[in-house]
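Inside the fold
Given next are the chains, with one letter for each unit.
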Amino acid sequence: MIQRAVEFSPNSVDKDLAILEAVASRLDTRGLSLLCEAREAQGDCPLCIQKDSPQCILSMARLPETLQWLKTLKDVRIINRPEGVENCSRSRLQEIMERLSIPLPPREGQDGYWLKRGDAAAQSQEDVVYAADRQALETAIETFKQRGITDYVVSAHVKGDLVKFYAVKGGFFRYYYPTDDGLTKFDDERHNGPAHHYPFDSSAMQHDAARLAEAVGVEVYGGDCIVRADGSYCFIDFNDWPSFSRCREEAAEAIARLVKSEE
């Protein structure tokens, strides 16, 4: 298995490692041995010793050099595939979601804006910025440019319940309200306030998430939606292999079954 580089696990290093270890322990009980363990790092080959030829690699990798290396492997099942991980950059996701008509936030609104780097997943709180108005948005964009970030996406803030979901190909899907348990990465949930638990069609959300995952090319995934008071929802985030911290044991079972099903 390949652990995610520290810079791509802000405030989540231990949680990300925990789900990999939980899956590995279940594979071991099924007679599948873990051949190698490594954390990707700048300039390093993630599997620095290649005397073994793994049949399957559980990969949280996001570094470009690691993804390129994974692409060179033949006859090896990789969860998640590097091509799918690359498609999880926000700019590519935006294009895919628009093509599939996945519900998205509008570009304009009266309640502020969100600015997110588009070239990669967030590595710090500064990569996802709330701007209260258009002037604040322009200032935030200029700050991005000063940091060398010229690929970004902008969307209007949507009022409603923030819902975080976790999923695995094959039918596993769980959703939670972060403001119920207080677990947070950057505390951006505060902009939507405590959840009202507006009724919504969770089956439709699961279906849309699965369609998106199929198009993107990932099998283990998660994301965030905003559920409005009228029950409609829109996707505001989608990512490869989350930590599953709220449902780790169930998710580990689902991922282990996914690996076993493709033997």
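So, a few notes on the structure that sits alongside this text.

Conventions we followed
Residues numbered from 1 in each chain as written. Predicted model: local features only at pLDDT ≥ 70, side-chain atom pairs only at ≥ 80, totals over all residues. Heavy atoms only, no water. Helix = DSSP H or I, 4+ residues; strand = E, 2+ residues; numbered from the N terminus. Pairing = 2+ DSSP bridges. Axes fitted to C-alpha atoms, helices over the stretch in contact; angles between N-to-C directions. Salt bridge = Lys/Arg side-chain N within 4 Å of Asp/Glu carboxyl O. Buried < 20%, exposed > 50% of the residue type's maximum accessible area, 1.4 Å probe, protein only. Parallel < 35°, antiparallel > 145°, perpendicular 65-115°, else oblique. Left-handed = near helix turned anticlockwise from the far one by under 90°. Contact = heavy atoms within 4.5 Å. Nonpolar A, V, L, I, M, F, W, Y, C, P; charged D, E, K, R; others polar.

Re the environment of S124
Here S124 is to be found in the loop between strand 5 (113-117) and strand 6 (128-131). Considering only alpha carbons, one finds S124 and F8, 116 residues apart in sequence, at a separation of 8.3 Å.

Re the sheet that holds strand 10 (residues 220-227)
Pairing is antiparallel across the open sheet formed by four strands, whose spatial order is 9-8-10-11. The outermost strands of the open sheet, each flanked by one partner alone, are strand 9 (172-176) and strand 11 (233-240). For this sheet, the mean angle separating the axes of adjacent strands, direction not counted, is 20 degrees. Looking at chain direction, strand 8 (residues 161-168) and strand 10 are connected through eight bridges and run antiparallel. Each residue of the ladder has a partner; that of D161, found in strand 10, is V227.

Comments concerning the pattern of salt bridges
The tally for this structure, following the rule as stated, stands at 20 salt bridges. Of the charged contacts, one joins R81 and E83 as a salt bridge, the two residues approaching to 3.5 Å between their closest N and O atoms. Its relative accessible area of 27% is what places R81 among the partly exposed residues. The exposure class assigned to E83 is partly exposed, which follows from its relative accessible area of 34%. Residue R90 pairs with D237 through a salt bridge whose shortest N-O separation is 3.0 Å. Taken together, the positions of R90 in helix 4 (residues 90-100) and D237 in strand 11 put the pair 147 residues apart, joining distant regions of the chain. Residue class for R90 comes out buried when judged on its relative accessible area of 13%.

Some thoughts on the packing of helix 4 against helix 7 (residues 202-216)
Interhelical geometry of helix 4 versus helix 7 gives an angle of 125 degrees and a closest axis separation of 10 Å. Here helix 7 runs oblique to helix 4, going by the angle between their axes. In the packing of helix 4 onto helix 7, the handedness of the crossing is right-handed. Across from L93, I96, M97 and L100 in helix 4, the residues of helix 7 making contact are R211, L212, A215 and V216. Here the contact of helix 4 with helix 7 is composed, by residue class, of seven nonpolar, no polar and one charged.

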